[in-house]
Amino acid sequence: MPKYTEEDLGRAKKLVAVGFTVYKAAKDTGVPYETLRRHIFGINVTGSTGSGRPTVLTRTEEDKLVEILAYLARQAFPLDTSDICDLVQQFLNNLGRETQWKDNRPTRFWLSRFKARHAGVLASRKPEILTITRAKSLTEEVVGAFFSMYNGVLVDLGLEDKPDNIYNLDETGLSTDPRSTRVIVPSKSRDAYLKTASCGKATYSVLFCVNATGNYFPPFVVYKAKREPFDSWMRGGPPGTAYGTTPSGWMEGNIFESWFQTIFVPEITKKHDGQPTVLVYDGHGSHMTYRTAALAKDNNITVVCLPPHTSHAIQPLDVAVFKPVKVAWAQILKRWQRESRLVAVDKSVFPTLISQLWKELDPVHAVAGFRGSGLFPVDAEKVRSRMVGPGSTSRDDIPSPDEALQDAVLSVLSPEQSSETKAALANKTKRRSRVQNKSGEVLTSESSLQRLELEAAKRAEKGKKSPSSQQDRKLSKKREEKGKKRSSSHKIEKPSAKRKVTKLTTRSK
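Residues numbered from 1 in each chain as written. Predicted model: local features only at pLDDT ≥ 70, side-chain atom pairs only at ≥ 80, totals over all residues. Heavy atoms only, no water.

A. Just the side chain of Thr241, in detail. Looking at the element boundaries, Thr241 is found in the loop between β3 (220–224) and β4 (242–246). Non-local contacts of Thr241, meaning those with residues more than four positions away in its chain, are made with Pro218, Pro219 and Val221. (Helix = DSSP H or I, 4+ residues; strand = E, 2+ residues; numbered from the N terminus. Contact = heavy atoms within 4.5 Å.)

Printed below as a string of structure tokens:
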């Protein structure tokens, strides 16, 4: 209930009219200072008296704004705080409404209160990168066809209620960069330095494999190396951990095939005793070789490849496992840096840290991943909820009849292209020409253009054909042909190498 009445507000206004300051009048009458100030200066006085601080936008306008923000998030175009301020500023300008804000741009205080008023509908999240290829690949047709096929496989194999026989595998990179969270520094500090043993650019590739009940295989670590691994690279890891090397440090077909044959197939055979098993993973070339497919067929393992560019929504490891894994890995890195007194995480250290990570793997995350991806229990609706719209920014697709708000949305999402943007887009589609330069030579845009013009002039000069030069070429060509005919008619057969050897052998006798 408000602590002041209409009479208190009227008395406060009269006090200000006779010379009292707003602060003094508010203090004497018990009316909140901001409320009295807004009424005195006529700043967006909306709502009933005593209902709290009035908002710049009306309740209806804020509801429309919330609806727009939710719509844009579903289209994979979520707005950050700066975008929201741009949107509100443009909306107010379109309405021709003056506010207490400078240039009608919302303040941080308004933004924080706006988010608090709609905390049940809006939330702040760190966005995940979704390429345009992935967004376009996850369609109703693709999802429907995949789940129809997948459900048919489980039914045919009798695995509808056997999560222990359904597996998923994928690899991820574990970086040695310990900068994962924000830190506290003095407010006047411009920089926040963090001492580390190295620059943190090293990344180790690790293959994860888990079934729908949350049972994890030991990890498969792939090191970047051109030769065989040292024994120190393989000490201290979880029991049963596999190790391999590739020149790139990422999974390749030959080592995946070796792991599949020596680790996965024997373990599946031992655990399930020849019962049918389903293995789900993406169709990357490193995961699918002829030998791998033959081994799967011979051991009653059905491989189900995910549709291209859909692993972010249908792969259990991507849906619910890798994110908590990265969070736990960041804490392990931080603890290692402090306990080791800033020793770099090289290949001889990595197995120990991966052992700590494996102790923190939670089966609940794997089960949630299979459920969230709709693979067990089978539920295509789980994936449909992750589908994004076409991302259209046309006026007809914006869910608001308010033209001022529609114009504001379009101005934020589809601003008019600057001359620099137009030039860059034109340069992207322009035909490219290779610029000839010496090894180690540095070129500027001006010098490269001059060189291209010079090369074009040389080619044009070379392409000019005068009548005399044409006749000279024809005569020289005829002479060459006559010379070839004479040499072929007077050609003397040379003794073969065998004859020479025979003669030499005879002479030696």
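That covers the picture; the talk isn't over yet.
B. View of the nonpolar core. By size, the foremost hydrophobic cluster in this structure holds 50 residues, and its most contacted members are Tyr150 and Phe350. Other than its neighbours up to four places away in sequence, Tyr150 contacts Ile166, Val278, Val280, Val304, Leu375 and Val378. Formed by 27 residues, the second largest nonpolar core is a distinct cluster that contains Ile68, Ile84, Val88 and Leu405. (Core = buried A, V, L, I, M, F, W, Y, C linked by side-chain atoms within 4.5 Å. Buried < 20%, exposed > 50% of the residue type's maximum accessible area, 1.4 Å probe, protein only.)

C. Focus on the sheet that holds β4. The strand order across the open sheet formed by six strands is β4-β3-β2-β1-β5-β6, and the pairing between neighbours is mixed. The sheet terminates laterally at β4 and β6 (301–306), the two strands that pair on one side only. Shown here is a sheet whose adjacent strand axes are inclined to one another by a mean of 25°, direction ignored. Two elements, β3 and β4, share five bridges in a ladder whose sense is parallel. Paired with Phe220 across the two strands is Ala242, which belongs to β4. Sitting on the sheet, helix α8 (residues 140–157) is in contact with β1 (166–175), β5 (277–282) and β6, with an inclination near 170° to β6. (Pairing = 2+ DSSP bridges. Axes fitted to C-alpha atoms, helices over the stretch in contact; angles between N-to-C directions.)

D. Representation of unusual backbone geometry. Looking along the chain, the bond that leaves Phe376 and enters Pro377 is cis, with omega of -10°. Topologically, Pro377 is positioned in the loop between α14 (363–372) and α15 (381–384). Of note in this structure, Asn300 is not a glycine but carries a positive phi near 60°. By relative accessible area, Asn300 is classed as partly exposed at 33%. Of note in this structure, Leu342 is not a glycine but carries a positive phi near 70°. Mapped onto the elements of the fold, Leu342 is located in the loop between α12 (316–339) and α13 (350–359).

E. Representation of the confidence of the model for the chain. With 88% of its residues at a pLDDT of 70 or more, the chain shows a mean pLDDT of 86. pLDDT under 50 marks residues 45–50. Its contacts with residues more than four places away, or in other chains, come to nine contacts. (pLDDT = per-residue confidence, 0-100.)

F. Here's a closer look at the pairing of β1. Of all the ten residues making up β1, nine are buried; the element is thus mostly covered by neighbouring parts of the structure. Direction of pairing for β1 relative to β5: parallel, over a ladder of three bridges. In the strand pairing of β5, Asn168 is matched with Val280. With nine bridges connecting them, β1 and strand β2 (residues 203–211) associate as antiparallel partners. Among the inter-strand pairings, Leu169 is bridged to a residue of β2, identified as Cys209.

G. Representation of the layout of surface pockets within the structure. What the second largest pocket holds in volume is close to 490 Å³. Grouping the constituent residues of the lining of the second largest pocket by class yields eight nonpolar, seven polar and six charged. (1 Å grid on protein atoms, 1.4 Å probe; cavity = no way out; pocket = protein on both sides within 12 Å on 5 of 7 lines; lining within 4 Å. Points joined across faces, edges and corners; volume = space filled by probe spheres on them. Nonpolar A, V, L, I, M, F, W, Y, C, P; charged D, E, K, R; others polar.)

H. Here's a closer look at helix α9 (residues 253–272). At Phe260, α9 shows its largest kink, close to 40°. Count one or two residues on from α9 and you reach Asp273, which has phi positive near 55°. (Bend = angle between axes of the 7 residues up to and from the residue.)

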